[in-house]
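Below are the chains, spelled out letter by letter.
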Amino acid sequence: MKSALIVFVGLLALSLADPNLDAEWEDFKQRYGKTYATDNEESQRRAAFEANFNAIEAHNLEATNGQHTFTVGLNKYMDQAEDEINTVMNGLKFDSSLPKTGMKFHSDVDLADLPTKVDWRKEGYVSHIKDQKACGSCWAFSATGSLEGQHFKSEGKLVSLSEQQLVDCDKVDLGCFGGLMDHAFDYIKQNKGDDTESSYPYQGIEGPKCLFKAKDVGATVSGHVDIPTGSEADLMKAVANVGPISVGIDASHMSFHSYKDGIYFEEECSSELLDHGVLVVGYGTEDGNDYWLVKNSWGTTWGMDGYIKMARNKDNNCGIATSASYPSV
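Cut-off values and rules
- Per-chain numbering applies: the sequence of each chain, read as written, is numbered from 1 onward.
- For this predicted model, a pLDDT threshold of at least 70 governs which residues receive local features, and a threshold of 80 or more governs which side-chain atom pairs are given and counted, while totals over whole chains, interfaces and linings are taken from all residues.
- The side-chain figures draw on all heavy atoms in the structure; neither hydrogens nor water molecules are used.
- UniProt positions are given in the numbering used here, feature names are shortened, and annotations may be inferred rather than shown by experiment.
- Strands are runs of DSSP state E lasting at least 2 residues, helices are runs of H or I lasting at least 4, and numbering of each runs from the N terminus.
- Each residue gets one of three labels from its accessible area relative to the maximum for its type: buried under 20%, exposed over 50%, partly exposed in between, using a 1.4 Å probe on protein chains only.
- Neither His nor the chain ends is counted toward charge; the positive residues are Lys and Arg and the negative residues Asp and Glu.
- Counted as salt bridges are all cases of a side-chain nitrogen of Lys or Arg within 4 Å of a carboxyl oxygen of Asp or Glu.
- In the analysis that follows, any N or O atom pair within 3.5 Å is treated as a polar contact, provided that within protein one partner can donate a hydrogen and the other can accept it, and provided that, for residues neighboring in sequence, both atoms belong to side chains.
- Contact between two residues is taken to exist if any of their heavy atoms lie within 4.5 Å; hydrogens are not considered.
- Following DSSP output, two strands are said to pair if at least two bridges run between them.

- The name an unreviewed UniProt entry gives the chain is Cathepsin L, with Tigriopus californicus as the organism.
- The chain has a UniProt comment under Sequence similarities (unreviewed entry) that states "Belongs to the peptidase C1 family."

## Observations regarding the side chain of Asp182
Link 1 in the chain: By secondary structure assignment, the location of Asp182 is in helix α7 (residues 181-191).
Link 2 in the chain: No salt bridge is formed by the buried Asp182; its nearest oppositely charged neighbour, Lys100, is found at 5.3 Å.
Link 3 in the chain: One polar contact links Asp182 to His224, side chain to side chain, over a distance of 3.4 Å.
Link 4 in the chain: Contacts of Asp182, omitting those with residues within four sequence positions, involve Thr101, His224, Asp226 and Ser325.

## Some words on unusual backbone geometry
Glycine aside, a negative phi is what most residues show, and trans is what most peptide bonds show.
Link 1 in the chain: Despite not being glycine, Lys192 has its phi angle at roughly 65°, a positive value.
Link 2 in the chain: Considering the arrangement of structural elements, one finds Lys192 in the loop between α7 and β4 (194-195).
Link 3 in the chain: Its identity is not glycine, yet Asn316 carries a phi of approximately 55°, on the positive side.
Link 4 in the chain: With respect to the element layout, Asn316 can be found in the loop between β11 (307-311) and β12 (324-328).

## Overview of the pairing of strand β10 (residues 289-295)
Link 1 in the chain: For β10, the tally of buried residues reaches 5 of 7 residues, placing the bulk of the element in the interior.
Link 2 in the chain: In terms of strand pairing, strand β9 (residues 276-286) meets β10 through 7 bridges, oriented antiparallel. Each residue of the ladder has a partner; that of Gly284, found in β10, is Tyr291.
Link 3 in the chain: Direction of pairing for β10 relative to β11: antiparallel, over a ladder of 5 bridges. In the sheet register, Val294 faces β11, and the bridge partner there is Ile308.

Here it is in C-alpha cells:
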C-alpha cells in the first residue's frame, strides 16, 4: 500500500509539471549532470526545481525594478527544497550561550585610517574555491580558510589545508553533522597541526578512522582570537589588519541558496540564529552600498564563482559579525 501511494504521488507530481519549463529542466539536468534513480524521485526534484525557478524569476524582476541589490539564479542546488539544503549543507553549530574560548580581539586603529577596499585574494592569502558536497562541514572549510591565510602571512607560502582531517579527527565537532570554527582551532592546536589537502584529500563523508600523519602537517595553531560579538567595526579592523576571518552567518534562505551576484541583503535574516560557516576575505563599497567579500564552500557554480558580496553596515545583517574569529600561528 505504501509503495503504491509513493508511485501515485510521483505520477501526480509529474502530471502537474509545467510543460513550459520542459526545456529549462532538461538543460538544468544536462548542465549539472543530474540523474535520478526513479521517475518518482525525478518528479519530486522537478517540482522543487519549478518552485525555485519561478521564485528566481520573480526576484530578478523585482531586482530590475530596484527592489533588491542582488540577483539570484539557477545552480546545482535548485532541485532541492530550502529545508533540504539547510539540513544537508548548513552545519554550523552556533550557541550564543557557550563561553568564548579564544583571546579577545582589540584594536586601537581608527576606522577612518583603514583602507576603503580590501581583497586578500589579490595578496595570495586565499586558496581555490572548494566544495563541501552533501556534508555539513562548512565549519571545517571556514576554519582551514582562515588558517591558510594566517599561515601565508607568517610563512609567505599558501598551503591548501585538509578539511577531511577535521571531519574525521576532531571529535568535539560532529563531522558532516556540524561543528564550530573555534572548536576546530582548538583541535588543531592540541593535535599540533592540520595536514595538507593533498596528503589528506576531501571525501565529503566522515571516514571510519582518523588518518592524520604528523609528517604531512601543513600548518599549526598556537591559539585563536574572538572578535567582539556583533561589532562590524571590529570585524572590519580585523579583516583589514589580520587577513581572512572565519564567520558564522544565517544562510537559511532560498535567496542565499540561489544567490548569483550583487550585494546580498536579506530582510528576514537573523543576526543570532547562525547555521553556516564562511570566510570573509575582504570588503568594499559598490554603488554606494558597503559589502563584505565572502568565500563560500559550495563550489564555483554557486554565486560569483563561489563568492558572495554580503551587506556591510546594515545592522549586522545575517549575523556576519556575531561569531567571528581567526587562528594565531
